[in-house]
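Fold and contact review
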Amino acid sequence: MLVEADARLPTAHNGEIGMPALSEQTPLVFPRADEIPEAHRLPAPIDQTEYLVNGTFRHWSGPMGEAFSPVRLRTPGGLAPVRLGRYPLLTEAEAMTALNAAVAAYAHGRGRWPTMSVAERIGHVEEFLRRFKDCRTEVVRLLMWEVGKSLADSEKEFDRTAVYIEDTIEALKDLDRASSRLDIREGIIGQIRRGPLGVALCMGPFNYPLNETFTTLIPALIMGNTVVFKPPRLGILLYRPLLAAFRDAFPPGVVNTVFGEGRKVVGPLMATGKIDVLAFIGSSQAADALKKQHPAPHRLRCVLGMGAKNPAIVLADADLELAVRECVLGSLSFNGQRCTALKIIFVHRDIAERFLEKMTAAINALPCGMPWESGVFTTPLPESGKPEYLAGLLEDALKQGARIINPAGGTVNSSFFSPALVYPVAAGMRLYDEEQFGPVVPVVPFDDIETPIRYVVESNFGQQLSIFSSSADATAALIDPLVNQVCRVNLNSQCQRGPDTFPFTGRKGSAEGTLSVSDALRVFSIRTLVAAKEVEQNKELIRQITRERKSNFLSTDFIL
Ligand code: G3H
């Protein structure tokens, strides 16, 4: 049984700039088992032994991984962990079986799935979507328990994923309609479509275990690739209810799953050279390691979402109410565990004090609690060792002269870490460069606008940034140099991925490839054409093939 007491981090907070005195306690209280509302309880630990290969469930009797919740229970003996269940720790052999099933279903592009008509493939995805929607309650509940995401955000993640699937279907219909005609140029008749690439390996991150896996999985599938996917290291059991939907909606071998430690099951898959597309969202180190294992990197298409340290730049003329509102959402939604989160805030020194006062008031007002509580904002963290890591970042900053500005900032109660506003952060502190991926908000004062610009230019990351200003001149003067540093400049708005129809990508170490509903269809396919010299014999051949619907590719059928 885990028994942990509240711990206060060492702090050099001295109540400057009119901040209230420190509290010694985190405001969060974990529940007793009987305090959890009936509707949100987990019936019993899940014992998942099955994994999906070639259209059937295989059962694993080897070593199992244990999944624990970030939620703890208050017991007379102290805080107790909640065991959610077990999942298979497969070995290289089972991973190879899953890969071979995907390779066989693709059959060098001659399999049923890659040669099927677009309309028929869409039919399978629609069938999957119907089954997916039926799993909403169970998946949402597991999202809350496995990664500590609030009920509202868990529902949003599920619903956004369903809408993403619907939008992907519509986008493919559009693409197919535009391709369902022949083009005649310079005496050549051609029909240009997008064809699949082969076998895709899809892996999403723990912070969006459902959505960000599906934003690669679904486009990969619908374009005719076959897939092996591995759930992230946290957010595994929520896939269990979906395994049957995959099994029943797709032909055998089109979707296959592996479970276990990435190093053991994914590395060997890459080393076979049989993976044609790697879709991975996680750290750049892991992405590099995977890419390097592929024996023919020139044959590997990569779609990568990696690290980011998105800055906010708050100019002296910013609307402070609005800037604070967006900075709090941007830096602390889902406890700062978003790749798009604002991870460092540059504030003009003239307004720094007022900005910090308002930020403190806003952070103080954030409701913390259990994921199912109505209106909850900050929740326990799912990664083991994360509070200790964040504490290390704070300690380093405090040693170098920064202070924790908000009263409860940095207090730890087991898996809960109270959001900490840290000021003044400067170059040389770990918080200045490291992607904290948690509820710590570093604020850097600046006098010269070159300071944040240089930060962005010299950063290893290049995903997004936010500018806060009410001046058109000042904003425009920043837009032009900064759009060539990052891939999205947000004006008086937090950084974010959505809407999903907008391109989501990054420069430098932040991403490879672009994802949006329509871009993802391109990423998982390649332009392919059938062409013929415009002579009567060829015209007649094409007429006959299209009129008699002899080919799924060379076809003028129009999806209605
Ligand atoms: O973790 C990164 C996610 O793609 C962020 O998405 O901006 O919609 O929260 P979001």
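As a reminder, the structure under discussion sits directly above these lines.
The rules we used
Residues numbered from 1 in each chain as written. Predicted model: local features only at pLDDT ≥ 70, side-chain atom pairs only at ≥ 80, totals over all residues. Heavy atoms only, no water. Helix = DSSP H or I, 4+ residues; strand = E, 2+ residues; numbered from the N terminus. Expected span 1.5 Å × (residues − 1). Buried < 20%, exposed > 50% of the residue type's maximum accessible area, 1.4 Å probe, protein only. Contact = heavy atoms within 4.5 Å. 1 Å grid on protein atoms, 1.4 Å probe; cavity = no way out; pocket = protein on both sides within 12 Å on 5 of 7 lines; lining within 4 Å. Points joined across faces, edges and corners; volume = space filled by probe spheres on them. Nonpolar A, V, L, I, M, F, W, Y, C, P; charged D, E, K, R; others polar. Pairing = 2+ DSSP bridges.

For helix H1 (residues 92-106), built from 15 residues, the straight-helix expectation of 21 Å at 1.5 Å per residue is met to within 8% by its first-to-last C-alpha distance of 21 Å. Burial in H1 covers these residues: Glu 94, Ala 95, Met 96, Ala 98, Leu 99, Ala 101, Ala 102, Ala 105 and Tyr 106. Where H1 terminates, the next one or two residues include Ala 107, which has phi positive at roughly 50°.

For the rest of this paragraph, the subject is the side chain of Thr 226. Note on placement: Thr 226 falls in strand E9 (residues 226-230). On the basis of relative accessible area, Thr 226 is assigned to the buried category, the value being 0%. Filtering out sequence-adjacent residues up to four positions away, Thr 226 remains in contact with Ala 102, Ala 105, Tyr 106, Trp 113, Gly 198, Val 199, Ala 200, Gly 253 and Val 254.

Take the layout of surface pockets next. In this structure, the largest pocket encloses a volume near 1,100 Å³. Elements with a minimum of two residues in the lining of the largest pocket: helix H8 (262-265), strand E11 (277-281) and helix H10 (284-293). For the lining of the largest pocket, the element with the highest residue contribution is H10, accounting for 6 residues. Classifying every residue of the lining of the largest pocket gives 19 nonpolar, 12 polar and 8 charged.

The strand order across the open sheet formed by 3 strands is E1-E5-E4, and the pairing between neighbours is mixed. Only two strands of the sheet have a single partner each, and these edge strands are strand E1 (46-47) and strand E4 (64-75). Examined bridge by bridge, E4 and strand E5 (residues 78-88) share 9 bridges and lie antiparallel to one another. From the neighbouring strand, Glu 66 faces E5, where its bridge partner is Arg 86.

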